[in-house]
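Each chain is listed here by its residues.
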2 protein chains.
Amino acid sequence: MNVTHKEAWHILTEQDDILILTHRAPDGDAVGSLCALFKVLTSLGKRVGFIIDTVPKSLAFLTEGMTSPEFEPKCVVTVDVGDKKLLGEALEKEYGGRVLLNIDHHATNVLFAENTLLDAAAAAASEVLYDMFTQNGIEITPEIAMPLYVGISTDTGCFRYGNTTSATMRAAAALMDTGIDTATVNTDIFDTKTREYAAFETMAMNSMKMYCDGKVALLLLTKDMYRRANIAENETQGINALPRQIAGVLVGITIKEREGGNYRISVRTREPVDAAEICALLGGGGHRQAAGCELTANPRTVISTILKYTEETLKEQGLI
Amino acid sequence: MNVTHKEAWHILTEQDDILILTHRAPDGDAVGSLCALFKVLTSLGKRVGFIIDTVPKSLAFLTEGMTSPEFEPKCVVTVDVGDKKLLGEALEKEYGGRVLLNIDHHATNVLFAENTLLDAAAAAASEVLYDMFTQNGIEITPEIAMPLYVGISTDTGCFRYGNTTSATMRAAAALMDTGIDTATVNTDIFDTKTREYAAFETMAMNSMKMYCDGKVALLLLTKDMYRRANIAENETQGINALPRQIAGVLVGITIKEREGGNYRISVRTREPVDAAEICALLGGGGHRQAAGCELTANPRTVISTILKYTEETLKEQGLI
């Protein structure tokens, strides 16, 4: 059932012993949303726990000092989760069928929870949380503002992407008014590369292949490349932006090898191409200009499959 | 004399046959400010002209269709100009001594004009113009909103830098409310590289030298490198951001060779280092985290000079 910001808040206030989950391989919005909701509910005197997959180094300051107490959860709340599959196998199995409330912004949300607060016009789950908090009179302290700001800024590429609305900008303005140091955070997240990352980036760019007369650019990142650059996969999300950056590219594809022949595919598009539409053909989802899907096959098949669906989409629109 | 937004507007409304100038090698804020002021004054029925140096390709859409009529200017107005020297030699000689009004946001502004509307808390001259227009009841049409948005977004690195305030975010929100397509513009400006640029970037990164135990990174971009990559200097402003991006770097220096042994130095810093302070020691200026200066010497002397002043500044603050 879809619920409003007020109804979602009402559901939360009636609960205690709440476990908060988010999607695996958490990005800034997943971490920020989880942290902000944890802090708000804790400040109301509730017992709140959380389970989160490895947090990228640049976001680790958000969860610093946050500990999840041991208790038997009476209810489960998820944030920024479009599908319970995205919780990861173990969490999906244990909690996927009993999520009381899911707070999300993905248009492709499959409504797996008992109650879903879904605002597909919001740039980030953190923006949905901001709206829920402010519509229900919750005071936004700097401790709550920071994770929400990080959630919004990371999901919008720091207010660059098409999901950024004037409401997003005003939410960020209000969060900045609490006095948080956004400049340092933005520099750390958007303007800092380790030497390892810089080397990996060069390696990735060297592997770039162009298709469809320069309208499609593709990167294949293998486990071997991660090993050679001494870098973890979740430290390399920025790489996904590279293929689309080349002038003339309408679809930028980044394929990352995981364990057991599993490949995570990120698709970034320029107008008028819909990334979520391409990924939906392969069981994935996301946003209009940034979406993802997974395939388990040998790398050649993975590449030819995503290219086939991409080409078909471009042809249907008369773009090639 | 310093004037308020209302006084500046009063001065402008009393004039006709206005010539608008901005600094040479114009960036997004220079182009955006000039375009917005030109359009607003023209819409009021005034005869308005402008002179502008080469506009970077990614910003050329802003000046498209704008023509400067032939007339003898009765008054000269400058935007985004901290010092009349920045107009370039020819314009400085012809108009530098007779600027009626300068609208700017550089804290280092030398107040060369008869009247100066200076708001050093504004992220961009375009933000100062936005405030002046709205405080004086000027309707912001999409045609005016777009150049102002580009001015603000480019001077803030798309709302990333420390000069971005909540007022900046709210100004951008109001500009977005006119319906302008900011996503496409942001992709074109911040997320698009020509193949030439990508190649030049790699070349630049290969030339990077580290000093002061990794706290200073320096790039030297020679005319020969521009020639080999087949790219113009004003297409490579993004390069200035690269040295500071490496983790641990407090001062990122980019030196660009110009004609006749002249070198343009860009300094980007992280807190607590003040880029404008370093550049002021060499007769330049700018903002706390992004400033510039010029030197005419042989490249070895240019490098040793900027390094000497940078090291002294770091030593004074006990950072090395």
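The structure this text deals with has already been given above.
Structural notes, computed from the coordinates. Small disclaimer: the values here were computed from a predicted structure and weren't measured.

## Points about the side chain of Thr63(B)
Residues and elements named next belong to chain B. Relative to the helices and strands, Thr63 resides in helix α3 (residues 60-63). Note on Thr63: relative accessible area 17%, which makes it buried. With near-sequence residues (within four places) excluded, Thr63 lies in contact with Val31, Cys35 and Val55.

## Here we look at the packing of helix α5 (residues 125-135) of chain B against helix α6 (residues 142-155) of chain B
All names here are of chain B. Running from amino to carboxyl end, α5 crosses α6 at an angle of 140 degrees, the nearest separation of the two axes being 8 Å. In terms of axis orientation, α5 runs oblique to α6. Contacts from Ser126, Glu127, Leu129, Tyr130 and Phe133 of α5 reach α6 at Ile144, Pro147, Leu148, Gly151 and Ile152. Looking at side-chain class alone, the contact of α5 with α6 contains 7 nonpolar, 2 polar and 1 charged residues.

## Examining the environment of Met210(B)
Topologically, Met210(B) is positioned in strand β6 (residues 209-211). Taking the C-alpha atoms as reference points, Met210(B) and Gly252(B), 42 residues apart in sequence, are found 9.4 Å from one another. Residue contacts for Met210(B): discarding those within four places in its chain leaves Arg195(A), Val216(B), Ala217(B), Ile246(B) and Val249(B).

## Things to note about the relation of the copies chain A and chain B
Superposition of chain A onto chain B requires a rotation of 180 degrees combined with a translation of 0.0 Å along the rotation axis, giving an RMSD of 0.0 Å. Taken together, the rotation and translation relating the two chain copies correspond to the operation of a two-fold axis. A shared interface surface links the copies, since 100% of the contact residues of chain A are contact residues in chain B too.

## Structural notes on the interface of chain A and chain B
How big an interface is tends to be reported as the loss of accessible area on association of its parts. Across the contact, 33 residues belong to chain A and 33 residues belong to chain B. Counting each side, the surface lost to burial between chain A and chain B is near 3000 Å², with a carbon and sulfur contribution of 55%. Looking only at chain A, the three residues that lose the most surface to chain B are Arg160(A), Met169(A) and Asp191(A), adding up to 22% of its buried area. The interface formed by chain A and chain B holds 8 salt bridges in total.

## As for the packing of helix α2 (residues 28-43) of chain B against α6(B)
All names here are of chain B. Across the interface, α2 lies against α6 with an axial gap of 7 Å and an inter-helix angle of 160 degrees. Accordingly, the angle class assigned to the pair α2 and α6 is roughly antiparallel. Seen along the crossing, α2 lies across α6 with a hand that is left-handed. Taken together, the residues of α6 that come into contact with α2 (itself represented by Gly28, Asp29, Gly32, Cys35, Ala36, Lys39 and Val40) are Glu143, Ile144, Pro147, Leu148, Val150, Gly151, Thr154 and Asp155. Split into classes, the residues belonging to the contact of α2 with α6 amount to 7 nonpolar, 4 polar and 4 charged.

## Some details on the sheet that holds strand β3 (residues 75-79) of chain B
Residues and elements named next belong to chain B. The strand order across the open sheet formed by 5 strands is β2-β1-β3-β4-β5, and the pairing between neighbours is parallel. With partners counted over all chains shown, the strands left at the sheet margins are β2 (48-51) and β5 (115-118), one partner each. Strand-to-strand twist of the sheet, defined as the mean angle between neighbouring strand axes without regard to direction, takes the value 20 degrees. Relative to β5, strand β4 (residues 99-104) runs parallel, the two being bridged by 4 bridges. Across the sheet, the residue bridging to Leu101 is Asn115, located in β5. Lying over the sheet, α2 contacts β1 (18-22), β2, β3 and β4, oriented at roughly 170 degrees with respect to β1. Each of β4 and β5 is contacted by α5, which is oriented at about 105 degrees to β4, the strand it contacts most.

## A closer look at the sheet that holds strand β3 (residues 75-79) of chain A
Residues and elements named next belong to chain A. Strand order in this open sheet of 5 strands is β2-β1-β3-β4-β5, and the pairing throughout is parallel. Across the chains shown, the open sheet's two edge strands, defined by having one partner strand only, are β2 (48-51) and β5 (115-118). Going from strand to strand, the sheet's axes swing by 20 degrees on average, the running direction of each strand aside. In the sheet, strand β1 (residues 18-22) pairs with β2 via 4 bridges, with the strands oriented parallel.

Scoring rules and cut-offs
- For every chain, the first residue of the written sequence is number 1, and numbering continues from 1 onward in sequence order.
- Chains carry letters and ligands carry numbers; both start at the beginning, A for chains and 1 for ligands, and go up in the order they are written.
- Side-chain atom pairs in this predicted model are given and counted only at pLDDT of 80 or more, local residue features only at pLDDT of at least 70, and totals for whole chains, interfaces and linings cover all residues.
- By convention in this description, side-chain values take in all heavy atoms of the structure and omit both hydrogens and water.
- Numbering of helices and strands starts at the N terminus; helices are DSSP runs of H or I of at least 4 residues and strands are runs of E of at least 2.
- Only protein chains enter the area calculation, which uses a 1.4 Å probe; residues under 20% of their type maximum are buried, those over 50% are exposed, and those in between are partly exposed.
- A contact between two residues is defined here by any heavy atoms of the two lying within 4.5 Å.
- Structural elements are reduced to axes, namely lines fitted to C-alpha atoms, with helices fitted over the stretch in contact, and the angle between N-to-C directions of any two is expressed from 0 to 180 degrees.
- Throughout this description, any angle smaller than 35 degrees is read as roughly parallel, any larger than 145 degrees as roughly antiparallel, any in the 65 to 115 degree range as roughly perpendicular, and the remainder as oblique.
- Under the convention adopted here, Pro, Cys and the residues Ala, Val, Leu, Ile, Met, Phe, Trp and Tyr are nonpolar, Asp, Glu, Lys and Arg are charged, and Gly plus all remaining residues are polar.
- Copies are brought into register by a least-squares superposition over C-alpha atoms of residues with pLDDT of at least 70 in both.
- By buried area we mean how much accessible surface two parts lose on assembly, using a 1.4 Å probe and totalling the loss over both.
- What makes a salt bridge here is a side-chain nitrogen of Lys or Arg within 4 Å of a carboxyl oxygen of Asp or Glu, nothing more.
- Crossing handedness follows the turn of the near helix against the far one: under a right angle anticlockwise gives a left-handed crossing, and clockwise gives a right-handed one.
- DSSP-based pairing: two strands are paired if at least 2 bridges between them are found.

Everything listed here is a matter of coordinates, which is why it stays silent on function.
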